[in-house]
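# Close look at the chain arrangement
The residues making up each chain are set out below.
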Amino acid sequence: MKNEILVRYAPSPTGIPHIGNIRTAIFDWIYSKSNHGNFILRIEDTDQSRYDPKSETAIYESLEWLGLSWNEIPGKKPDTLKKSYVQSKRKKLYIQIAQELVNSGNAYYDDTTPEELISLRKKQQELGLPPRYDNRGRYRTKEDIDKSKSNGLPIVIRFKVPQNGSIKFTDEIRGKINFNLSEIEDFVILKSDGMPTYHLAHVVDDKDMGITHVFRGEEWISSTPKHLLIHQALNISTPKYIHVPLILGKDKSKLSKRHGAKSVLEYRDQGYLPEALFNYLVLLGWSPGNDEEIMSKSDIIKKFSIEKISESPAVFDQEKLEWMNGIYIRKLSIDKLSKALISYLEKPEIDGCLPDQIKRPINYSQVKSIAPFIQERLKTLKDSTEMLDFFFLADEDIKINKDDYFTKSNQIKDILKSLNEALNIINKIKKFKSDELELLFRTLSKELNIKPGILFTPIRISVTGKKIAPPLFETLEILGRKRCLSRINKAIKLLKE
Ligand code: GLU
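Computed from a predicted structure; not experimentally measured.

It is worth spelling out the sheet that holds strand β4 (residues 107-110) at this point. Spatially, β4-β5-β8 is the arrangement adopted by the three strands of the open sheet, whose pairing is antiparallel. One side of each edge strand has no neighbouring strand; the edge strands of this open sheet are β4 and β8 (188-190). Strand-to-strand twist in this sheet, taken as the mean axis angle between neighbours without regard to direction, amounts to 40°. Here two bridges tie strand β5 (residues 156-159) to β8, and the two strands are oriented antiparallel to one another. Each bridged residue has a counterpart across the sheet, and for arginine 158 the counterpart in β8 is valine 188.

What follows is the structure, encoded as structure tokens:
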């Protein structure tokens, strides 16, 4: 167990996991896999005021959907059925360690009230000074604290930061980083509700659980000296730190919804494939060292190394993600694509899926017969809703917009002519097969001296309700003679009204 790699993904369940968080989880997972180590999930829920149970569920769902399975620490039972470790269940341990730090002179009880802190900040602002705690609690006596306690005032424990000197650590991506201790205020390690802060809790847990590598966002670099100070005070070794680069939008500002970025579950709901999102996210800040982009999970596991994680921020590109998703859709076998389409399309209309009047379950063999004709055109599974709905709708539910039939040069008599000729062919043709249909319709186009595009468009609109749809003759074949006739007849009636 000693030298085994153990990494953790340690989200705070305060919001729906966004792609930045999950990119860290992906790095964790890959690193554990490429080193035959373990990957655990630790729920950091010590900020009870911001705890959101929906967020916790979304964390599990996001990881499961992406296939990032997590393990137990050998010999250490997880706290939940979901096999995760949960900080709020480990409160006693943090209190005990915080007290040890007080006893060893590395921390102290502080009764500074929130009002005092606000007024301190205000004064500093007026003087143009950076806001920071002025370490006033260091000078409170035991009697002061006892008195405040009996008056019901909130008491915290703060870490006593040495006032001079410096502290350094090695970030596995950036190398040595040095901090002046004079810039660090005495920080809270145990809050007045008895819960630890992140600074204390994760250090205690990383040690207690035997974490060897900490992958986390670059925004934590400036807090790392605090963590090192706790390590020193507790005389414990430091794990390796890998601060992964930020993810920015195309305009180089911090990634947000504005840039099209969604939570992982939103991407799932928009019809992205987990393999594509995984592949795309891993390339935000890491590369195999060449131009290769489309890589399977096992390929990535083989190629992954910390040295190839970049120091500079990654730029999120929604269009590239869509492009990559399209590639993954095209890589699917027709069977897999049909199953993916069905499980997507069966969801309610409100989620962008097939209209509710279409009966579920959706017929597998029907989807399988259509899938090859739309596979090339899909960027997301959601795109298929528009391309497929008319196959499943009843003839009377096909909505037609009359204006769609008209171009600058055609007239109603041309349109009706095309449709009547189509009826004629569809009625008479012996084998109702796409290639036979195509042959007859192309011959007709020559006979009538009407360009194929002009002849076919009214037929397409009539049977699908759309100007753009899957290839016409395959569509006719899949719909079948009866439905084609009924839809074209209905369109002729509408055009004559
Ligand atoms: N709970 C922290 C967060 O969600 C984790 C940071 C870390 O991985 O140490 O940002």
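As judged from the six bridges shared by strand β6 (residues 166-171) and strand β7 (residues 175-180), these two strands associate in the antiparallel manner. Directly across from serine 166, in β7, lies its bridge partner asparagine 180.

Glancing now at helix α9 (residues 274-282). Extensive coverage of α9 is indicated by the burial of eight of its nine residues. Taken as a whole, α9 has its buried residues at Pro274, Ala276, Leu277, Phe278, Asn279, Tyr280, Leu281 and Val282.

All right, on to the layout of surface pockets then. The calculated volume of the largest pocket comes to roughly 1200 Å³. Around the largest pocket sit 50 residues that line it, and Ser12, His18, Asn21, Glu219 and Trp220 are the ones nearest its centre. Elements with a minimum of two residues in the lining of the largest pocket: β1 (6-9), α1 (19-34), α2 (53-66), α6 (198-209) and β9 (213-217). At six residues, the largest contribution of residues to the lining of the largest pocket is made by α1. Looking at the lining of the largest pocket, its residues break down into 20 nonpolar, 15 polar and 15 charged.

Compared with the 24 Å implied by 1.5 Å per residue over 17 residues, the 24 Å span of helix α15 (residues 412-428) between its first and last C-alpha is a close match. Where α15 is buried, its residues contact α16 (434-448), α17 (452-464) and α19 (481-496).

Okay, the packing of aromatic side chains next. For any pair of aromatic rings, geometry is given as the distance between the ring centres together with the angle between the planes. With the rule as written, the count across this model stands at 15 aromatic pairs. Judged by centre distance (5.1 Å) and plane angle (90°), the rings of tyrosine 267 and tyrosine 272 are edge-to-face. The same class applies to tyrosine 267 and to tyrosine 272, which are both buried. A centroid spacing of 5.2 Å and a plane angle of 85° characterise the contact between phenylalanine 456 and phenylalanine 473, whose relative ring orientation is edge-to-face. Pair noted here: phenylalanine 456 is in helix α17 and phenylalanine 473 is in helix α18 (residues 472-479), with a separation of 17 residues, a long-range link. You'll find phenylalanine 456 and phenylalanine 473 in the same group, each marked buried. Put simply, the rings of Phe27, Trp286 and Phe304 pair up and form one aromatic cluster. Lying across the ring of tryptophan 29, lysine 297 places its NZ or CZ 5.5 Å from the centre. Over the aromatic face of phenylalanine 278 sits the side chain of lysine 297, whose NZ or CZ is 4.9 Å from the ring centroid.

Cut-offs and rules
- Residues numbered from 1 in each chain as written.
- Predicted model: local features only at pLDDT ≥ 70, side-chain atom pairs only at ≥ 80, totals over all residues.
- Heavy atoms only, no water.
- Pairing = 2+ DSSP bridges.
- Helix = DSSP H or I, 4+ residues; strand = E, 2+ residues; numbered from the N terminus.
- Axes fitted to C-alpha atoms, helices over the stretch in contact; angles between N-to-C directions.
- Buried < 20%, exposed > 50% of the residue type's maximum accessible area, 1.4 Å probe, protein only.
- 1 Å grid on protein atoms, 1.4 Å probe; cavity = no way out; pocket = protein on both sides within 12 Å on 5 of 7 lines; lining within 4 Å.
- Points joined across faces, edges and corners; volume = space filled by probe spheres on them.
- Nonpolar A, V, L, I, M, F, W, Y, C, P; charged D, E, K, R; others polar.
- Expected span 1.5 Å × (residues − 1).
- Contact = heavy atoms within 4.5 Å.
- Phe/Tyr/Trp six-rings, centres within 6.5 Å; stacked < 30°, edge-to-face > 60°.
- Lys NZ or Arg CZ within 6 Å of the ring centre and 35° of its normal.

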